[in-house]
Amino acid sequence: MHVAPARGTAVQDHVALAEIELCGDLIIAASAAREDRLSPDRIDEVLKLAEQRFLAEHGEKTDR
């Protein structure tokens, strides 16, 4: 089996990376929750914190 050599051209999908990070934030919040499910208010809180972190890191505005 022949494996193609790695080329130095890394492609990053910033939207996919942001979505993965959001999922991670929600998983962490769910694992720390005492109840079986996160309430809609808690989900909104987690997503709002993620948005604030994103804006602080990237200084970009979202279209929400």
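Below or above, wherever it landed, is the structure these notes cover. For every chain, the first residue of the written sequence is number 1, and numbering continues from 1 onward in sequence order. At least 70 in pLDDT is required for a residue's local features to be given in this predicted model, at least 80 for side-chain atom pairs to be given and counted, and no such filter applies to totals for whole chains, interfaces and linings, which use all residues. Remark: hydrogens and water are excluded; side-chain values derive from all non-hydrogen atoms of the structure.

## Looking at the side chain of Asp-25
Part 1 of the reasoning: By definition, any uninterrupted DSSP run of H or I lasting at least four residues is a helix, any uninterrupted run of E lasting at least two residues is a strand, and each is numbered from the N terminus. Residue placement: Asp-25 occurs in helix 1 (residues 14-32).
Part 2 of the reasoning: Look at Asp-25 and you get buried, because its relative accessible area is 18%.
Part 3 of the reasoning: Among the polar contacts listed, one links the side chain of Asp-25 to the side chain of Arg-53, at a separation of 2.7 Å.
Part 4 of the reasoning: Every residue pair with non-hydrogen atoms within 4.5 Å of one another is taken to be in contact. If we skip the residues at most four places from it in the chain, Asp-25 touches Val-46, Ala-50 and Arg-53. Any residue under 20% of the maximum accessible area for its type is buried, any over 50% is exposed, and the rest in between are partly exposed; the area is computed with a 1.4 Å probe on protein chains only. Counted as a polar contact is a pair of N or O atoms within 3.5 Å, where, for protein atoms, one must be capable of donating a hydrogen and the other of accepting one, and residues adjacent in sequence contribute only when both atoms are in side chains.

## Let's talk about the environment of Leu-49
Part 1 of the reasoning: With respect to the helices and strands, Leu-49 occurs in helix 2 (residues 40-58).
Part 2 of the reasoning: Judged by its relative accessible area of 47%, Leu-49 is partly exposed.
Part 3 of the reasoning: Separated by 24 residues in the primary sequence, Leu-49 and Asp-25 have C-alpha atoms spaced 9.3 Å apart.

## Some words on the environment of Arg-42
Part 1 of the reasoning: Its place among the elements puts Arg-42 in helix 2.
Part 2 of the reasoning: Overall, Arg-42 belongs to the partly exposed group, its relative accessible area being 28%.
Part 3 of the reasoning: C-alpha of Arg-42 to C-alpha of Leu-26: the two residues are 16 residues apart in sequence and 9.4 Å apart in space.

## Observations regarding the packing of helix 1 against helix 2
Part 1 of the reasoning: Where helix 1 contacts helix 2, the axes come no closer than 10 Å and their chain directions differ by 135°. In terms of axis orientation, helix 1 runs oblique to helix 2. Viewed along their axes, helix 1 and helix 2 form a crossing whose handedness is right-handed. Contacts from Glu-21, Leu-22, Asp-25, Leu-26 and Ala-29 of helix 1 reach helix 2 at Arg-42, Ile-43, Val-46, Leu-47, Ala-50 and Arg-53.
Part 2 of the reasoning: When residue character is reported, Ala, Val, Leu, Ile, Met, Phe, Trp, Tyr, Cys and Pro are called nonpolar, Asp, Glu, Lys and Arg charged, and the others, Gly included, polar. Here the contact of helix 1 with helix 2 is built from residues that sort into 7 nonpolar, no polar and 4 charged. All axes here are fitted lines through C-alpha atoms, helices being fitted over the stretch that makes contact, and every angle between N-to-C directions spans 0 to 180 degrees. Roughly parallel means an angle under 35 degrees; roughly antiparallel, over 145; roughly perpendicular, 65 to 115; everything else is oblique. Rotating anticlockwise by less than a right angle from the far helix to the near helix defines a left-handed crossing, while the corresponding clockwise rotation defines a right-handed one.

Remember that the coordinates give geometry; whether it matters functionally is a separate question.
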